[in-house]
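Report on the structure
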Amino acid sequence: MELNEITITRAIIERYFNKLLDYADVDTAIVGAGPAGLVAAYYLAKNGNKVAIFERKLSIGGGMWGGGMMFNEIVVQDEARDILEQFGITTTKYQENYYTADAVESVTSICSAACRAGAKIFNCVSVEDVIIREGSVNGLVITWSPVEMAGLHVDPLTIGAKKVIDSTGHDMEVLHVIERKADMKMNTPDGKLQGERSMWAEKAEKLTIENTREICKNVYVAGMSANAAFGGPRMGPIFGGMLLSGKKVAESILGKSV
Ligand code: 48F
C-alpha cells in the first residue's frame with residue numbers, strides 16, 4: 001500500500017480540529033497536567049464529566065517526572081497509596097508510612113487512565129486569561145504556547161467551561177489573572193491570594209487537601225496551587241497530597257465520593 005503524505009496531514013488536521021471543536025465547551029476545564037490535574041481529570045471523566053486539560057508544555061506530568069532533584073522516584077504516604085495502586089502503579093515500602101514509586105511509571109499510568117476514561121489533553125496550549133461574567137468565571141482564554149514564548153501579537157481563542165480547576169502548581173497562574181483582572185474576591189481570609197511559604201512537608205500535605213476547594217465562583221484549586229493560594233508551605237517530592245487533592249477536587253465538582 002502506498003502512503004500519501006497529504007493524507008497523513010489531512011488526517012491529523014481533521015482529527016485534531018474535530019477534537020478541539022468538540023471540547024470548545026466542557027463541563028470542567030483543567031489548567032495544568034501535573035499530578036493533581038491528571039488525577040482530577042481521571043475521576044471526573046470516569047464519572048461522566050466532559051473534561052479537557054490544557055497544558056503549556058509539550059510533556060504532561062508537571063513536577064512529577066523529575067521525582068526529587070531529577071532522581072525519578074517519588075514518595076507517597078499510607079493514605080495515598082491506594083490511589084497509586086488503583087492505577088496499577090507498583091509501590092514499594094521504604095519504611096512505616098513511606099512508600100516509593102517510579103516517577104515515570106506514575107505519570108504515564110495516571111495519564112493513560114485519564115485519557116482512557118475520556119479526558120482530552122491539549123498540550124502546548126497556555127491559558128492566559130478567563131472568560132468573566134458578573135461574579136463568575138465561565139471559561140478560559142487560550143493560546144498556543146509557542147505564540148506565548150515568541151511574544152507574537154496574536155489574539156487568543158476561548159473555551160467555555162462550567163467549572164475551572166487551577167492545577168498550575170506553585171505559580172497558581174489562573175488565580176493570579178483572576179485577582180488581577182476580574183475583580184473577584186478569593187475565598188481566603190482576606191479575599192486575596194496568600195502565597196506559598198517555605199518547606200514543611202507534614203503540614204503542607206495536610207493543608208493541600210484541606211485547601212482543595214472552590215476559591216471563587218466556578219473556580220477550584222487543586223495541588224500545589226491550593227497550598228499557594230491559602231498560604232500553605234511547600235512539601236517537596238512527596239506526592240500523596242497532590243493525588244488526594246486531585247481526587248478531592250473531582251469529588252467537590254461531582255458532589256459525591258468517587
Ligand atoms: O507543578 P505541577 O506538577 O502541579 P501539581 O499537580 O503538582 C505539584 C508537584 O509537581 C510538585 C510539588 C509536590 O510535591 O511541590 O511541584 O500541583 O504541574 C502544573 C502544570 O501546570 C502547567 C505547567 O506546565 C505544569 O505542567 N501550567 C502552569 N501554568 C499554566 C500551565 C498555564 N497558564 N497554562 C497551561 N498550563
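Residues numbered from 1 in each chain as written. Predicted model: local features only at pLDDT ≥ 70, side-chain atom pairs only at ≥ 80, totals over all residues. Heavy atoms only, no water.

Below, the discussion takes up a nonpolar patch on the surface. Side chains of Ile-13, Phe-17 and Trp-144 sit close together on the surface and give an oily, nonpolar patch of about 300 Å² of accessible area. Of note, Ile-13 is situated in helix H1 (residues 5–22). You can call Ile-13 partly exposed: its relative accessible area is 46%. (Patch = residues over 30% accessible without salt bridge, like charges linked within 9 Å, V, L, I, M, F, W, Y side chains within 5 Å. Areas by Shrake-Rupley, 256 points an atom, 1.4 Å probe, with all protein chains shown as cover. Salt bridge = Lys/Arg side-chain N within 4 Å of Asp/Glu carboxyl O. Helix = DSSP H or I, 4+ residues; strand = E, 2+ residues; numbered from the N terminus. Buried < 20%, exposed > 50% of the residue type's maximum accessible area, 1.4 Å probe, protein only.)

Now for the sheet that holds strand S5 (residues 98–102). If you trace the three strands from one edge of the open sheet to the other, you get S3-S5-S4, paired in antiparallel fashion. Among the strands making up the open sheet, the edge pair consists of strand S3 (73–76) and strand S4 (92–95). Neighbour-to-neighbour, the strand axes of this sheet turn through a mean angle of 35°, independent of strand direction. Where S4 and S5 come together, three bridges link them in antiparallel fashion. When the bridges of S5 are listed, Lys-93 appears paired with Tyr-99. Contacts from helix H3 (residues 78–86) reach S3 and S5, with the element oriented near 125° to S3. Against the sheet, helix H4 (residues 103–117) touches S3 and S5, its axis set at about 75° to S5. (Pairing = 2+ DSSP bridges. Axes fitted to C-alpha atoms, helices over the stretch in contact; angles between N-to-C directions. Contact = heavy atoms within 4.5 Å.)

Our next topic: the layout of surface pockets. Volume-wise, the largest pocket comes out at about 710 Å³. Lining the largest pocket are 35 residues, and of these Gly-62, Gly-63, Thr-168, Gly-169 and His-170 lie nearest its centre. The set of elements that each furnish at least two residues to the lining of the largest pocket consists of helix H2 (35–46), strand S2 (51–55), strand S7 (125–133) and helix H8 (224–229). When its residues are assigned to classes, the lining of the largest pocket shows 15 nonpolar, 14 polar and six charged. If you add up the space inside the second largest pocket, you get close to 290 Å³. Contributing to the lining of the second largest pocket are Val-75, Gln-77, Glu-79, Asn-97, Tyr-98, Ala-201, Glu-202, Glu-205, Lys-206, Ile-209 and Ile-238. Ranked by residues supplied to the lining of the second largest pocket, first place goes to helix H7 (residues 201–210) with five residues. (1 Å grid on protein atoms, 1.4 Å probe; cavity = no way out; pocket = protein on both sides within 12 Å on 5 of 7 lines; lining within 4 Å. Points joined across faces, edges and corners; volume = space filled by probe spheres on them. Nonpolar A, V, L, I, M, F, W, Y, C, P; charged D, E, K, R; others polar.)

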